[in-house]
Amino acid sequence: MRMTNLLLGNFTPQTDAHDLKSRLQWGQPAFTIVDVRTRQSYNQGHISGAIPLPVDELVKRATTTLAKERDIYIYGDSDEQSASAAKTLRDAGFSRVSELTGGFSAWKAAGGSTEEV
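The paragraphs below set out a description of the structure included in this document. The written sequence of each chain sets the order in which its residues are numbered from 1. With the structure being a predicted model, the display of local features is reserved for residues of pLDDT at least 70 and the display and counting of side-chain atom pairs for 80 or more, all residues being used for whole-chain, interface and lining totals. Excluding hydrogens and water, the side-chain values take into account all heavy atoms of the structure.

**Comments concerning the packing of helix 4 (residues 58-65) against helix 5 (residues 79-91)**
Next, step 1: Every angle, taken between N-to-C directions, lies between 0 and 180 degrees, and every axis is a line fitted to C-alpha atoms, over only the stretch in contact when it is a helix. Secondary structure elements are taken from DSSP: a helix is a run of H or I of four residues or more, a strand is a run of E of two residues or more, and numbering for both begins at the N terminus. Running from N to C, helix 4 and helix 5 cross one another at 50 degrees; their axes reach a closest spacing of 10 Å. Judged on the interaxial angle alone, helix 5 and helix 4 are oblique. For the pair helix 4 and helix 5, the crossing hand works out as right-handed. Across the interface between the two elements, Leu58, Val59 and Ala62 of helix 4 pack against Ala85, Thr88 and Leu89 of helix 5.
Next, step 2: Throughout this entry, Asp, Glu, Lys and Arg are counted as charged residues, while Ala, Val, Leu, Ile, Met, Phe, Trp, Tyr, Cys and Pro are counted as nonpolar. The remaining residues, Gly among them, count as polar. A class-by-class count of the residues in the contact of helix 4 with helix 5 yields 5 nonpolar, 1 polar and no charged. Working definition: roughly parallel below 35 degrees, roughly antiparallel above 145 degrees, roughly perpendicular at 65 to 115 degrees, and oblique for all remaining angles. Crossings are classed by handedness, with left-handed meaning an anticlockwise turn of the near helix from the far one by less than a right angle and right-handed meaning a clockwise turn. Whether two residues touch is decided by their heavy atoms; if any such pair falls within 4.5 Å, the residues are in contact.

Spelled out as structure tokens, the structure:
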């Protein structure tokens, strides 16, 4: 049911890896995947196409690079880190921020595409 909501444009504060993977497979435009882990963790492996915005630079870099109306999927080392980062972005005026539950490990378990630097 949640996938239907994403396809219809409804945006939820949390998204599971299968829903995000389906959105990518459908070729839906206008969204960004943000990795808030350390640069080292990002370099060791991340969701294909994700941009690195470490927590300590998150608001500054997001404000200069992303539109506040853009759909943003955010993940960190833990659901707590993702939730905290998502709240930080929402507080900065980004209205369409969704936390990827389970983070990178859930993405890999769902068979999502990954890359490393």
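**Looking at the sheet that holds strand 1 (residues 14-15)**
Next, step 1: Reading across from one edge, 1-6-5-2-4 is the order of the 5 strands in this open sheet, with parallel pairing throughout. Looking at strand neighbours, the two that pair on one side only are strand 1 and strand 4 (51-52), the edges of this open sheet.
Next, step 2: Strand pairing requires that DSSP identify at least two bridges connecting the strands. Of the strand pairs in this sheet, strand 1 and strand 6 (residues 97-100) are connected by 2 bridges, and their pairing is parallel. Within strand 6, the residue paired with Thr15 across the bridge is Leu100.
Next, step 3: Together, strand 1, strand 2 (31-35), strand 5 (71-75) and strand 6 form the strand contacts of helix 2 (residues 17-25), whose direction differs from that of strand 2 by roughly 135 degrees.
Next, step 4: Against the sheet, helix 5 makes contact with strand 5 and strand 6, and its axis sits at roughly 175 degrees relative to strand 6, the strand it touches most.

**Observations concerning the pattern of salt bridges**
Next, step 1: One side-chain nitrogen of Lys or Arg within 4 Å of one carboxyl oxygen of Asp or Glu is enough to make a salt bridge. Under the counting rule described, the total for this entry stands at 6 salt bridges.
Next, step 2: Salt-bridge contacts for Arg23 lead to Asp71; the nearest nitrogen and oxygen are separated by 2.9 Å. Taken together, the positions of Arg23 in helix 2 and Asp71 in strand 5 put the pair 48 residues apart, joining distant regions of the chain. Judged on exposure class, the residue Arg23 and its partner Asp71 are both buried.
Next, step 3: Residue Glu57 pairs with Arg61 through a salt bridge whose shortest N-O separation is 3.1 Å.
Next, step 4: The classification of residues rests on relative accessible area computed with a 1.4 Å probe and restricted to protein chains. Under 20% of the type maximum is buried, over 50% is exposed, and intermediate values are partly exposed. Of the residues examined, Arg61 reaches a relative accessible area of 27% and is grouped as partly exposed.
Next, step 5: Residues joined in a network through salt bridges with shared partners are Arg23, Asp71 and Arg96.

Keep in mind these numbers describe shape, not what the thing actually does.
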